[in-house]
Structures are given as C-alpha cells and as structure tokens.
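Structural overview
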Amino acid sequence: AQDARIQLSRGGTEFGQVSAGGNLMNLVASGSSTDMRFLTNSAERLRISSGGDISFYEDTGTSPAFFWDASAESLGIGTTNPYTLLELSSTDPIIRMTDSNGVTDKSIYEIRAIGASGSESLEFRTVNDANNSYNKLLILEHGGNVGIGVEPNAPNNGLIQLDVGDNGCGLTSRQNNELVIQANANYSTYAQAGKPATRLNLTNTGQFIFSNAPSGTSVGDAITFTPRMILDTSGNLPVYVLEPPEI
C-alpha cells in the first residue's frame with residue numbers, strides 16, 4: 001500500500017508534511033531553518049528547532065522552562081543555556097527525592113541551593129508529608145563552613161568550622177594553621193545556657209592546650225576560656241597554668 005502524505009505549503013513553497021507508513025506517523029519540517037511549533041489555546045507549548053533543540057514552555061507560552069540543547073547534549077530547567085549536562089536555574093532551586101514506599105514523614109529528601117546574600121549555601125534536608133516542616137541534615141556554606149544538624153556558627157573572620165548538632169560541638173580551623181575542638185561553644189560564645197564550655201587547641205607549635213569555662217548565663221554570651229593543662233612538644237604536662245598563654 002502506498003504511504004499516506006499531506007503536504008503543507010504556502011505560495012508554492014513547502015514548509016512541511018505529515019506522512020504515515022508502516023507503524024510510523026511522521027511530522028516533517030522542511031528546510032534547514034524551519035522550526036516546528038505546537039500550540040494550544042493560542043499559546044506555544046513546545047518548539048523543536050531545525051537544529052534539534054527542544055523547548056517546553058511555561059503556562060503562558062512565553063518563556064522556555066525546560067530546554068534540551070541538542071549540540072551540547074545538555075538539559076536545562078529554568079535556563080536555555082545549560083553549562084553542564086544538567087542545570088537547574090531559579091530563585092530557589094530545589095531537587096526533591098521521594099521514596100514512594102517509605103514510612104510516614106521520613107520519605108522526602110531535598111537538596112536546596114541558596115544564593116541570597118549572607119545565606120550562600122547548599123542544604124540537605126528532610127520534609128514531612130504535609131510539606132510544612134523541614135529538618136536540616138547538612139549545610140555547606142559557600143565559605144567552607146559545615147553544619148551537621150545545625151547552622152554553622154563560625155564568625156566572619158576567615159575561620160573554617162564544622163558544627164555538629166545544636167549544642168555547640170564542633171571543629172574550627174584557624175587562620176594560623178591551628179585546630180580547635182570545643183563543646184558548648186560557637187567558637188567564642190555559649191551555645192547553651194547554664195552549661196560549662198570546654199576547648200582543646202592543637203597549636204601550630206605542637207602543643208595541646210586543654211581549657212574550660214564556667215557555665216554561661218545566656219546563649220550568645222562571650223566565653224572566657226582558662227587553660228588547665230598543656231602538653232608541649234617535649235612531652236611535659238603541667239596540670240595547672242599560673243600564667244595562661246594567649247589562645
């Protein structure tokens with residue numbers, strides 16, 4: 001049987017054709033620069049360019065919201081110029097993964113990129129089924145600070161800090177190549193009221209300095225640490241320091 005064919009032309013120039021043969025129906029745009037458009041309710045929904053790029057439009061049919069770059073073999077969501085294999089672009093891009101066979105309120109996980117000034121970070125979190133409660137599991141700040149189960153609390157002075165939980169436990173890398181391990185301390189302020197704070201400094205001179213501070217009155221109060229024990233590079237270990245070294 002002969003294939004069915006409908007030719008689309010204007011002024012004697014063919015722009016495309018619809019044909020059917022075997023188990024295939026073909027929509028063909030003729031010419032090297034002819035795009036194919038699909039519209040509903042007078043709004044553009046889909047466009048396939050002559051070069052193979054594919055654009056899916058948002059509800060008004062004005063801007064492409066989902067774009068396949070054929071030459072780069074890249075997919076853009078919210079952008080028509082994806083720089084990598086997959087790029088998401090929006091004012092608050094979030095990737096969600098849902099385990100359809102998971103338990104109640106523990107099956108939704110999200111990755112969120114935040115670029116607003118002062119909050120630049122990548123956030124990993126869980127969401128309850130009602131979508132109104134979020135639990136931040138891991139926060140990676142643009143400056144290098146990391147929070148596990150808590151917002152990083154490093155001061156804005158070049159310190160790189162790892163905070164664990166919401167009780168002020170963490171590690172801090174100082175500008176002079178020293179490492180600080182502490183509990184109940186957001187580096188120099190109390191993380192909990194009514195609790196003492198402790199600190200261990202690993203200095204760039206090879207010393208271990210053990211310090212503590214009495215209980216603080218309020219969260220955020222300044223901490224004054226007192227060194228209690230120093231292990232130096234010779235293995236000396238005085239248990240009390242009369243003149244505390246500067247930390």
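Tallying secondary structure elements over the protein chain gives zero helices and 20 strands in all. Taking 247 residues into account, the globule formula puts the C-alpha radius of gyration at 18 Å, and the protein chain, at 31 Å, lies well above it. Principal-axis analysis of the C-alpha atoms places the extent of the protein chain at approximately 100 × 40 × 30 Å. Here the protein chain, with 247 residues, has 26% of them falling under the buried criterion. When contacts within the protein chain are restricted to residue pairs at least 6 apart in sequence, those whose partners lie at least 24 apart make up 13%. Accessible surface computed for the protein chain: about 15600 Å², of which carbon and sulfur atoms make up 52%.

As enumerated under the stated definition, the model contains 10 salt bridges in all. The residue Arg-47 makes a salt bridge to Glu-44 at a minimum N-O spacing of 2.7 Å. On the basis of relative accessible area, Arg-47 is assigned to the partly exposed category, the value being 26%. Across the pair Lys-136 and Glu-123 runs a salt bridge whose closest N-O atoms are separated by 3.7 Å. Here Glu-123 lies in strand E12 (residues 121–127) and Lys-136 lies in strand E13 (residues 134–141), a separation of 13 residues in the sequence. Members of the salt-bridge network, linked through shared partners, are Asp-92, Arg-96, Glu-110, Arg-112, Glu-123, Arg-125, Lys-136 and Glu-151.

Inspection of the sheet shows strand E1 (residues 4–10) paired to strand E2 (residues 13–21) by seven bridges, in the antiparallel sense. If you follow Arg-10 over to E2, its bridge partner there is Thr-13. Sheet analysis places E2 next to strand E3 (residues 24–29), joined by six bridges and oriented antiparallel. Of the residues in E3, the one forming a bridge with Gln-17 is Val-28. The antiparallel hairpin formed by E2 and E3 contains two residues in its connecting segment, where Gly-22 sits at a positive phi of about 65°.

If you trace the three strands from one edge of the open sheet to the other, you get E1-E2-E3, paired in antiparallel fashion. Each having just a single partner strand, E1 and E3 make up the two edges of the open sheet. Recorded for the sheet is a direction-independent mean angle of 10° between the axes of neighbouring strands.

So, about the sheet that holds strand E15 (residues 160–164). Pairing is mixed in the open sheet, where 11 strands are placed in the order E10-E11-E12-E13-E14-E15-E16-E17-E18-E19-E20. Unpaired on one side and paired on the other, strand E10 (94–98) and strand E20 (226–231) mark the two borders of the sheet. For this sheet, the mean angle separating the axes of adjacent strands, direction not counted, is 15°. Both E12 and E13 contribute to a ladder of seven bridges, which runs antiparallel. Each residue of the ladder has a partner; that of Leu-122, found in E13, is Leu-140.

Here we come to the pairing of strand E4 (residues 36–40). The sheet contact formed by E4 and strand E5 (residues 43–48) spans five bridges and is antiparallel. If you follow Leu-39 over to E5, its bridge partner there is Glu-44. Where E4 folds back on E5, the antiparallel hairpin that results is connected by two residues, among which Asn-41 adopts a positive phi of roughly 50°.

Once that is clear, we can look at the packing of aromatic side chains. This structure, assessed with the given rule, holds one aromatic pair. Residues Phe-56 and Phe-66 carry aromatic rings whose centres are separated by 5.6 Å and whose planes lie at 80° to one another, so their mutual orientation is edge-to-face. Of this pair, Phe-56 sits in strand E6 (residues 54–57) while Phe-66 sits in strand E7 (residues 64–69), and the two are 10 residues apart along the sequence.

Looking now at the side chain of Glu-110. Within the secondary structure layout, Glu-110 lies in strand E11 (residues 108–114). Among the polar contacts listed, one links the side chain of Glu-110 to the side chain of Arg-96, at a separation of 2.6 Å. A polar atom in the side chain of Glu-110 sits 2.8 Å from the side chain of Arg-125. Setting aside residues up to four positions removed in sequence, Glu-110 forms contacts with Ile-94, Ile-95, Arg-96, Glu-123, Phe-124, Arg-125, Val-127 and Tyr-134.

Cut-offs and rules
Residues numbered from 1 in each chain as written. Predicted model: local features only at pLDDT ≥ 70, side-chain atom pairs only at ≥ 80, totals over all residues. Heavy atoms only, no water. Helix = DSSP H or I, 4+ residues; strand = E, 2+ residues; numbered from the N terminus. Rg over C-alpha atoms; globule rule 2.2 N^0.38 Å. Buried < 20%, exposed > 50% of the residue type's maximum accessible area, 1.4 Å probe, protein only. Contact = heavy atoms within 4.5 Å. Areas by Shrake-Rupley, 256 points an atom, 1.4 Å probe, with all protein chains shown as cover. Salt bridge = Lys/Arg side-chain N within 4 Å of Asp/Glu carboxyl O. Pairing = 2+ DSSP bridges. Axes fitted to C-alpha atoms, helices over the stretch in contact; angles between N-to-C directions. Phe/Tyr/Trp six-rings, centres within 6.5 Å; stacked < 30°, edge-to-face > 60°. Polar contact = N/O pair within 3.5 Å; in protein donor to acceptor, adjacent residues only side chain to side chain.

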